[in-house]
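Inside the fold
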Amino acid sequence: MRRSPAKLLAVTAVALGTAFAGTAAADPPVVPGTDDIVVVGSQTTGSLLGQFSTDYSAHLASIGDTTSPRLYSFDSTGPSPITPRLGAPAITRPTAAGDGLVALNLSGSAVDVDRMDLTRQPSTPTTDTFVLLAKDAVSWAAKSGGNAPANLTTAQLKNIYECTVTNWTQIVPTLPNATIKPYLPQASSGTRAFFLAAIGVTTPGVCVTGGPGENQGVDPVLNDANVLVPYSVGHYLGQTVGGHSTPADGAGPLTVRAINGVAPVNTANTINAAFVAGPFGRVLFNVVRQADWTSTGAKGTAMRAIFGRGGWICTSEAAAIKSYGFLQLPSAACGSTI
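In short, a report on the structure. On a predicted model such as this, the values are computed, not experimentally measured, just so you know.

1. Description of the overall build of the protein chain
When you go through the protein chain residue by residue, the secondary structure sums to ten helices and 13 strands. Expected size for 338 residues packed as a compact globule is a radius of gyration near 20 Å; at 20 Å, the protein chain falls within 12% of this value. Taken over the C-alpha atoms alone, the protein chain extends approximately 65 × 45 × 35 Å along its principal axes. Each of the 338 residues in the protein chain was classed as buried or not, and the buried ones make up 53%. The long-range share in the protein chain, meaning contacts at least 24 apart out of those at least 6 apart in sequence, stands at 72%. When the accessible surface of the protein chain is summed, it comes to about 13,400 Å², and 58% of that surface belongs to carbon and sulfur atoms. The average position of the 20 basic charges and that of the 19 acidic charges among the side chains of the protein chain differ by 2 Å.

This is how it looks when you write it as structure tokens:
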């Protein structure tokens with residue numbers, strides 16, 4: 001049964017001068033119904049999709065629509081398992097884009113959308129459709145006041161993550177004589193895969209530690225003068241500039257650094273155009289099953305109306321995309337598919 005408008009989140013908050021329909025939900029406030037659109041996947045856009053969920057519910061409530069499918073997004077962190085929708089079996093919470101893609105493609109899956117921060121790969125099922133969302137970039141981050149320099153080249157990053165360079169003095173002789181501690185997000189992370197490909201690393205060296213969640217500078221293991229880790233520049237800006245940091249999702253003591261002398265953030269505190277135009281710029285997607293995307297039923301129609309070209313996200317959520325640190329795509333690209 002459809003929730004009444006009175007039970008839906010209303011427009012109650014103003015952030016950075018822009019009205020948003022309440023605080024982004026980490027997880028759905030209710031168990032999604034059988035006809036609702038369920039989203040899981042990447043941490044990079046988890047908060048943004050949570051905001052979309054809140055805003056879309058408020059939008060439907062404001063026009064008196066009590067029947068259209070709602071949009072619900074599960075965070076990448078939190079208790080596990082989760083119940084994706086009414087009547088569906090519980091599943092292990094997807095913690096990254098790769099986990100979300102697996103959940104999306106399980107037989108009888110109750111998941112409809114995977115938040116994806118990596119473009120289509122040769123291993124991606126051909127029955128999946130990638131819907132373009134926004135632009136982002138990936139740099140590396142290190143502790144403010146630590147031993148890492150302000151800039152590293154692509155070649156230096158490759159050497160660090162292949163463990164052929166293990167001491168800061170090998171980068172610059174005047175840097176502290178200390179062992180470099182390279183970290184990577186968990187194995188299913190799209191940010192991890194993108195970063196390694198961008199620096200030309202196929203197999204990380206034995207000195208590399210994996211496991212922290214994506215873009216989680218608050219993780220205590222990263223509070224170290226010699227640590228460096230890949231980081232979404234957009235998510236970092238959402239945390240540090242957009243006001244979307246939480247105790248569990250924040251930059252902590254980390255700051256994003258330059259690559260090849262190009263800063264990832266400009267003086268306006270947005271992603272630097274020169275940085276995003278280079279090899280460390282990327283497109284963010286929402287991945288759906290092709291059969292759902294082309295369906296003429298209520299859910300397929302709602303998906304296209306929300307995520308597609310000229311749809312609700314592309315025409316109504318520019319302020320949210322900016323507030324969460326990302327760059328809006330041109331109207332001809334936003335909502336298009338590959």
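2. Side note on the pattern of salt bridges
A pair can form between side chains of opposite charge whenever their charged atoms are brought close. Scanning the model with the defined rule gives nine salt bridges in all. For the salt bridge of Asp112 with Arg289, the shortest nitrogen-to-oxygen distance reads 3.5 Å. Of this pair, Asp112 sits in the loop between α2 (97-104) and β5 (113-116) while Arg289 is found in strand β12 (residues 281-289), placing the two residues 177 residues apart along the sequence. In terms of burial, Asp112 and Arg289 fall into one category: buried. Sharing partners across several salt bridges, the network here consists of Arg85, Asp112, Arg289, Asp292 and Lys299.

3. Notes on the state of the cysteines
In total, this model carries two disulfides according to the counting rule given. Put simply, Cys163 and Cys207 are joined by a disulfide, and their sulfur atoms are 2.0 Å apart. Handedness here is read from the sign of the S-S torsion; for Cys163 and Cys207, about -95°, the answer is left-handed. A residue pair is termed long-range when its members are at least 10 positions apart, and Cys163 in the loop between α3 (154-161) and β8 (181-184) and Cys207 in the loop between α4 (190-199) and β9 (209-210) qualify at 44 residues. Relative accessible area serves as the criterion here: at 27%, Cys207 is assigned to the partly exposed category. Counting only the cysteines that take part in disulfides, in the order they occur along the protein chain, gives the pairing 1-2, 3-4.

4. Points about unusual backbone geometry
With omega at 10°, the peptide bond leading from Ser80 into Pro81 counts as cis. With respect to the helices, strands and loops of the structure, Pro81 is situated in the loop between β4 (71-73) and α2. Phi is positive for Asn260, close to 55°, though the residue is something other than glycine. A relative accessible area of 42% means that Asn260 is categorised as partly exposed. Residues other than glycine seldom take positive phi values, yet Asn269 does so here, at roughly 60°. According to the relative accessible area criterion, Asn269 is partly exposed, its value standing at 41%.

5. Describing the nonpolar core
Counting residues in hydrophobic clusters, the biggest one holds 61 residues, and the most contacted among them are Tyr161 and Leu228. Sequence-distant contacts of Leu228, defined by excluding residues within four places in its chain, comprise Trp140, Ala141, Leu152, Leu157, Ile160, Tyr161, Trp168, Ile180, Lys181, Pro182 and Tyr183. With 25 residues, the next largest nonpolar core counts Leu71, Val131, Phe307 and Ile313 among its residues.

What counts and how
- Residues numbered from 1 in each chain as written.
- Predicted model: local features only at pLDDT ≥ 70, side-chain atom pairs only at ≥ 80, totals over all residues.
- Heavy atoms only, no water.
- Helix = DSSP H or I, 4+ residues; strand = E, 2+ residues; numbered from the N terminus.
- Rg over C-alpha atoms; globule rule 2.2 N^0.38 Å.
- Buried < 20%, exposed > 50% of the residue type's maximum accessible area, 1.4 Å probe, protein only.
- Contact = heavy atoms within 4.5 Å.
- Areas by Shrake-Rupley, 256 points an atom, 1.4 Å probe, with all protein chains shown as cover.
- Lys, Arg positive; Asp, Glu negative; His and termini not counted.
- Charge placed at Lys NZ, Arg CZ, Asp CG, Glu CD.
- Salt bridge = Lys/Arg side-chain N within 4 Å of Asp/Glu carboxyl O.
- Disulfide = S-S within 2.5 Å.
- Core = buried A, V, L, I, M, F, W, Y, C linked by side-chain atoms within 4.5 Å.

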